[in-house]
Amino acid sequence: MGFFKAYDMRGTFGVDFDLPLVRKIGSALVKVVGGGRWLVGYDCRETSESIRDALVEALREAGAEVTDMGLCTTPMLYYFTVADDFDASVMITASHNPPTDNGLKVSRKGAVPVGYLDGLNEVERIVNGKGE
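Residues numbered from 1 in each chain as written. Predicted model: local features only at pLDDT ≥ 70, side-chain atom pairs only at ≥ 80, totals over all residues. Heavy atoms only, no water.

A. How the structure looks around the side chain of Arg45. Tracing the backbone shows Arg45 in the loop between strand 2 (37-42) and helix 2 (48-61). A polar atom in the side chain of Arg45 sits 3.0 Å from the backbone oxygen of Asp101. Once residues within four sequence positions are removed from consideration, Arg45 is found in contact with Thr93, Ala94, Ser95, His96, Asn97, Pro98, Pro99, Asp101 and Asn102. (Helix = DSSP H or I, 4+ residues; strand = E, 2+ residues; numbered from the N terminus. Polar contact = N/O pair within 3.5 Å; in protein donor to acceptor, adjacent residues only side chain to side chain. Contact = heavy atoms within 4.5 Å.)

In structure tokens:
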């Protein structure tokens, strides 16, 4: 698998993915996951804020209402996804991967993860121009 993994999207920024791809992913997420209200958070990696900017712009252009939680941990994002009844959320992080890596962890309502078998595969198809 390339940038799209079983439970998230991860890779080296500038090698495996870039900001134009992040914009395509943001647009596709609204089509696949749906939902009007999205929550976005990011970790302290150097590339996280620029990825956040591109993602938020694409989500909004696709019709989502986006709340930017800012710098946070993944458990914090999951908590507020549920507590504030968001339809979906994205955490910008590469977890335990090296600092040059980054990625996107997507959740549906209730902070239910969106993996390759239940949505990320469709996002990848749309991004690659093979589906709508």
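B. Quick peek at unusual backbone geometry. For Ser95, which is not a glycine, the phi torsion comes out positive at approximately 55°. Within the secondary structure layout, Ser95 lies in the loop between strand 4 (88-92) and strand 5 (101-108). By relative accessible area, which is 45% here, Ser95 ends up partly exposed. Although it is not a glycine, Ala111 sits at a positive phi angle of roughly 60°. In this fold, Ala111 is placed in the loop between strand 5 and strand 6 (112-113). Take Ala111: its relative accessible area is 16%, and that puts it in the buried class. (Buried < 20%, exposed > 50% of the residue type's maximum accessible area, 1.4 Å probe, protein only.)

C. Here's a closer look at the state of the cysteines. For the structure on display, the rule yields zero disulfides. Considering cysteine sulfurs only, Cys72 is the nearest to Cys44, which forms no disulfide, with 11 Å between them. Given the relative accessible area of 70%, Cys44 is considered exposed. Note on Cys72: relative accessible area 8%, which makes it buried. (Disulfide = S-S within 2.5 Å.)

D. Local environment of the packing of aromatic side chains. Here the structure, examined in full by the defined rule, presents four aromatic pairs. Ring centres of Phe3 and Phe4 lie 5.8 Å apart, and the angle between their planes is 85°; this geometry places the pair in the edge-to-face category. Judged by centre distance (4.4 Å) and plane angle (25°), the ring pair of Phe3 and Phe17 falls under stacked. Of this pair, Phe3 sits in the segment before strand 1 (9-12) while Phe17 sits in the loop between strand 1 and helix 1 (19-33), and the two are 14 residues apart along the sequence. Among the aromatic residues, those joined into a cluster by ring pairs are Phe3, Phe4, Phe13 and Phe17. (Phe/Tyr/Trp six-rings, centres within 6.5 Å; stacked < 30°, edge-to-face > 60°.)

E. Local environment of helix 3 (residues 74-83). Turning to helix 3, its buried residues number three or more, namely Thr74, Leu77 and Thr81. The buried residues of helix 3 all sit within an arc of 60° when viewed along its axis, so they share a single face. Seen from the buried face of helix 3, the exposed residues on the opposite side, beyond 90 degrees, are Pro75 and Tyr79. Note on helix 3: the residue one or two positions beyond its end, Asp85, has a positive phi of about 55°. (Arc of directions from axis to C-beta.)

F. Spatial organisation of the nonpolar core. Counting residues in hydrophobic clusters, the biggest one holds 31 residues, and the most contacted among them are Ile25, Leu29, Trp38, Leu55, Leu59 and Val106. Within the residue set of this core, elements represented by two or more residues are helix 1, strand 2, helix 2, strand 4, strand 5 and helix 4 (120-127). The biggest single contributor to this core is helix 1, with seven residues. Setting aside residues up to four positions removed in sequence, Val106 forms contacts with Met9, Leu29, Val33, Trp38, Ser89, Val90, Val112, Pro113, Val114 and Leu120. Of all hydrophobic cores here, the second largest spans five residues; its members include Cys72, Leu77, Phe86 and Met91. (Core = buried A, V, L, I, M, F, W, Y, C linked by side-chain atoms within 4.5 Å.)

Structural measurements only, silent on function.
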